[in-house]
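Each chain, letter by letter, is given below.
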Amino acid sequence: MNNKYFGNSSFYHRALSIAIPVMAQQLIQNLVSLIDNFMVAGLGDIKMSGVNIAGQIFFIFFVLSTTICSSGGIFMSQFKGADDKEGMRQVFRFKLIVTGLIGISFAFLCYMAPRGLFWLMVTSNTDSSAILDQTQIYSRSVALSFVFAVFAQSIATSLREIEIVRAPLVISVIATLINTLFNWILIYGNLGVCRMEVAGAGYATVIARFCELLMFIIYAAKKKPDFLFKLKNLFNINYKLFGTLIIKSLVILYSEIFWAISETVSNALYNTRGGSEVVSGMASGFAIANLIFISMGGILTSTGVIMGTELGKGNLEECRKYKTWLLSGATIFGFAFTLIGLGTTFLIPVVFGQLSPQARSIAFYLVITAAAYLPLWALINSQYAVSRSGGDTKMGAVCDTVGNFLFLGGMFMLTYFTGLGPIQMYAIVKLSDVPKTIIAHFWLKKEKWLVNLAAQNSR
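Residues numbered from 1 in each chain as written. Predicted model: local features only at pLDDT ≥ 70, side-chain atom pairs only at ≥ 80, totals over all residues. Heavy atoms only, no water.

> I'd love a proper account of the packing of helix α3 (residues 85-112) against helix α6 (residues 145-161), names of residues and values included.
One way to put it is that α3 packs onto α6 with a least axis distance of 7 Å and a crossing angle of 155°. When the axis of α3 is compared with that of α6, the two are roughly antiparallel. Seen along the crossing, α3 lies across α6 with a hand that is right-handed. Along its contact with α3, which presents F92, K95, L96, T99, G100, G103, I104, F106, A107 and C110, the element α6 presents F146, V147, V150, F151, S154, I155, T157, S158 and E161. For the contact of α3 with α6, the per-class residue count stands at eleven nonpolar, six polar and two charged. (Axes fitted to C-alpha atoms, helices over the stretch in contact; angles between N-to-C directions. Helix = DSSP H or I, 4+ residues; strand = E, 2+ residues; numbered from the N terminus. Parallel < 35°, antiparallel > 145°, perpendicular 65-115°, else oblique. Left-handed = near helix turned anticlockwise from the far one by under 90°. Contact = heavy atoms within 4.5 Å. Nonpolar A, V, L, I, M, F, W, Y, C, P; charged D, E, K, R; others polar.)

As structure tokens, then:
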């Protein structure tokens, strides 16, 4: 039976059938990322640092490509609900063209590997010259992977948005296993292959991304999803829709960049609270916490797909009910992942046993704190997904502006006017998310999200 606040079991079965494969894919990628880090760490501090410095630039690429696919996803689900195949193809064109430009640009930038760009991140480090040598080697070897990655991401997200979720999961698992295998072969020179060290890590990524894209192309060619079109029609663009998608992307990008800046600044401020034990402890804690943060990706995807599809069908009254059911379900889901998060703390002494007791203690309490916030974060992410499913990207921008100003203001105040440690600081400043969910609650009541975008943007 369903009621005002919770739907029936079939409704949540649909939501979980979308969310679980997405979370499983992210979990596998996070686990493989941990394994990759251990492999590169075996080369020493300098080479590990070189790869990590390059990774900070790559994070910008991830934010840009994800933003484009997210804004396209708003319309893809709605056009799917309306059974508008041409609209779906227009969205897929948008993803391919814009992310393709991003991928090519980053590939060129990373192949050129301007030393001055990377130098900004190690200006005061005594080993900066040696680190930058390794950064340039890795950056050049991994450059081509960005081109393969954006096209694979465009196909994968489009499949999820029309509720085809298992294929992207299987392909991602295979690709990550390929990446791990070739890391082992190329980094250390196993199976008679020349030892390549950090360059081997880059080449392994290129091979894995190429294989991933090839598998997606073969799958799409065989199954022929509704968004697929002939390559010769790539530039057959609906410019009005294209312009709308660009505007939506810019608003989402504003939120993502503001968040990225806030996190970067906060990490620097956390690091003022001690020595290497703080840096390694916080980094280790976040590495474990990422294993439970996968719940946010599942919530965003399942909420966006369900709401977008129903809005595209024109079931506006149903969407009013679904909104409440999804918000309630997401909150309960967050509580479940709080318990799972508490359980992940056992991994800290196993995975990071080589760290100092102080560092392990910091990691332990960081995971505990993050887990306690999961119900709130689950609710916020579901609120954002509901808003964006109807094309309302302004709500997220307003909430993030308020939240990030409170977050950064709190960080600076705690840093310069208290002697609190990094975990206490983290626990306090994350309260800045409470005003965000309050604003979102009242914003959603205005029902600016209750819009059939498919009908508005059909030819």
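Having put the structure on the table, let's press on.
> Tell me what's going on with the pattern of salt bridges, and back it up with residues and numbers.
Overall, the coordinates contain 14 salt bridges when judged by the stated rule. The closest approach of N and O atoms between R209 and E212, which form a salt bridge, is 3.0 Å. One end of the pair, R209, and the other, E212, are both in helix α8 (residues 198-223), three residues apart, so they sit about a helical turn from each other. R209 sits in the partly exposed class, given a relative accessible area of 32%. Overall, the relative accessible area of 7% leaves E212 in the buried class. Here the salt bridges do not stand alone but share partners, grouping R14, K80, E163, E310 and K313 into one network. (Salt bridge = Lys/Arg side-chain N within 4 Å of Asp/Glu carboxyl O. Buried < 20%, exposed > 50% of the residue type's maximum accessible area, 1.4 Å probe, protein only.)

> Any details on the nonpolar core? Residues and values, ideally.
If you look at the biggest cluster of nonpolar residues, it comprises 57 residues, and the most contacted ones within it are F58, F75 and Y138. The dominant element in this core, judged by the number of residues it contributes, is helix α2 (residues 45-81), at eleven residues. Dropping the residues within four chain positions of it, F58 is found in contact with C110, Y138, S139, V142 and F146. (Core = buried A, V, L, I, M, F, W, Y, C linked by side-chain atoms within 4.5 Å.)

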